[in-house]
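A closer look at the structure
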Amino acid sequence: MIRRTFGSHGSYAIDLLDRIMILNVHGPGNIELVKQFIQDGLTIVRDFETKERWGSVVNVNGVPLLPPDATRLLINSNSYGKAHGLIANAVVLGDVEFAQSAKSFWQQIYDAS
């Protein structure tokens, strides 16, 4: 079997505004990107837990889609957030390709978590 590991595709930046996590994403992304986001985000979520409820705003640009393995990981991450005080998510589709597909894609992520 030949196995290759690829670096992260896409980019993100996390900002905080009181108890709101603002995530600026440019895709497409892959599982490596999602794993790194989860690692970075866990530090923030652990701090939010002491403040009870919190929310997130996800600003998406580029190709806002992920492969299935990364999508499942993001669903699990969102479920974890909900179990640890996340009460509201907003996804803002900015300059995206495939806008209608992107809307359905992100809706499925939040419906599944």
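Structural data are supplied above this passage.
Residues numbered from 1 in each chain as written. Predicted model: local features only at pLDDT ≥ 70, side-chain atom pairs only at ≥ 80, totals over all residues. Heavy atoms only, no water.

**Description of helix α2 (residues 68-83)**
The terminal C-alpha atoms of α2 lie 23 Å apart, and with 16 residues this matches the ideal 22 Å at 1.5 Å per residue to within 8%. Directly after α2, the chain includes Gly85, whose backbone phi takes a positive value near 100 degrees. (Helix = DSSP H or I, 4+ residues; strand = E, 2+ residues; numbered from the N terminus. Expected span 1.5 Å × (residues − 1).)

**A short note on the nonpolar core**
Generally speaking, soluble globular proteins have nonpolar side chains that are buried together. Within the largest apolar cluster, 23 residues are counted, with the highest numbers of intra-cluster contacts made by Met21, Leu74, Trp106 and Ile109. Among the elements of the structure, β2 (20-27), α1 (31-49), β3 (54-62), α2, β4 (86-96) and α3 (99-112) are those that each provide at least two residues to this core. Top contributing element to this core by residue count: α1, with seven residues. Beyond its immediate sequence surroundings of up to four residues, Leu74 is in contact with Val34, Phe37, Leu66, Trp106 and Ile109. (Core = buried A, V, L, I, M, F, W, Y, C linked by side-chain atoms within 4.5 Å. Buried < 20%, exposed > 50% of the residue type's maximum accessible area, 1.4 Å probe, protein only. Contact = heavy atoms within 4.5 Å.)

**Overview of the environment of Ser56**
Position of Ser56 among the secondary structure elements: in strand β3. When the C-alpha positions of Ser56 and Tyr110 are compared, they lie 12 Å apart, and in sequence the two are 54 residues distant. Leave out the neighbours within four places in its chain, and Ser56 touches Ile20, Met21, Leu86, Ala88, Asn89 and Ala90.

**Some details on the packing of α2 against α3**
Running from amino to carboxyl end, α2 crosses α3 at an angle of 45 degrees, the nearest separation of the two axes being 8 Å. When the axes of α2 and α3 are compared, the pair comes out oblique. Regarding α2 and α3, the two cross each other, and that crossing is right-handed. Between α2 and α3, the contacting residues are Thr71, Leu74, Ile75, Asn78 and Lys82 on the first element and Phe105, Trp106, Ile109, Tyr110 and Ala112 on the second. For the contact of α2 with α3, the residue count by class is seven nonpolar, two polar and one charged. (Axes fitted to C-alpha atoms, helices over the stretch in contact; angles between N-to-C directions. Parallel < 35°, antiparallel > 145°, perpendicular 65-115°, else oblique. Left-handed = near helix turned anticlockwise from the far one by under 90°. Nonpolar A, V, L, I, M, F, W, Y, C, P; charged D, E, K, R; others polar.)

**Looking at α3**
Because each turn of an α-helix spans 3.6 residues, side chains separated by three or four positions end up pointing in the same direction. For α3, which comprises 14 residues, the first-to-last C-alpha distance of 20 Å matches the rise-based estimate of 20 Å (1.5 Å per residue) to within 8%. Those residues of α3 that are buried lie in contact with β3, α2 and β4.

**Side note on the sheet that holds β3**
With respect to topology, four strands assemble into an open sheet ordered β1-β2-β3-β4, the strand pairing being mixed. With partners counted over all chains shown, the strands left at the sheet margins are β1 (11-17) and β4, one partner each. When the angles between neighbouring strand axes are averaged without regard to direction, this sheet yields 15 degrees. Here β2 pairs with β3 via eight bridges, running parallel. If you follow Gly27 over to β3, its bridge partner there is Gly62. Each of β3 and β4 is contacted by α3, which is oriented at about 165 degrees to β4, the strand it contacts most. (Pairing = 2+ DSSP bridges.)

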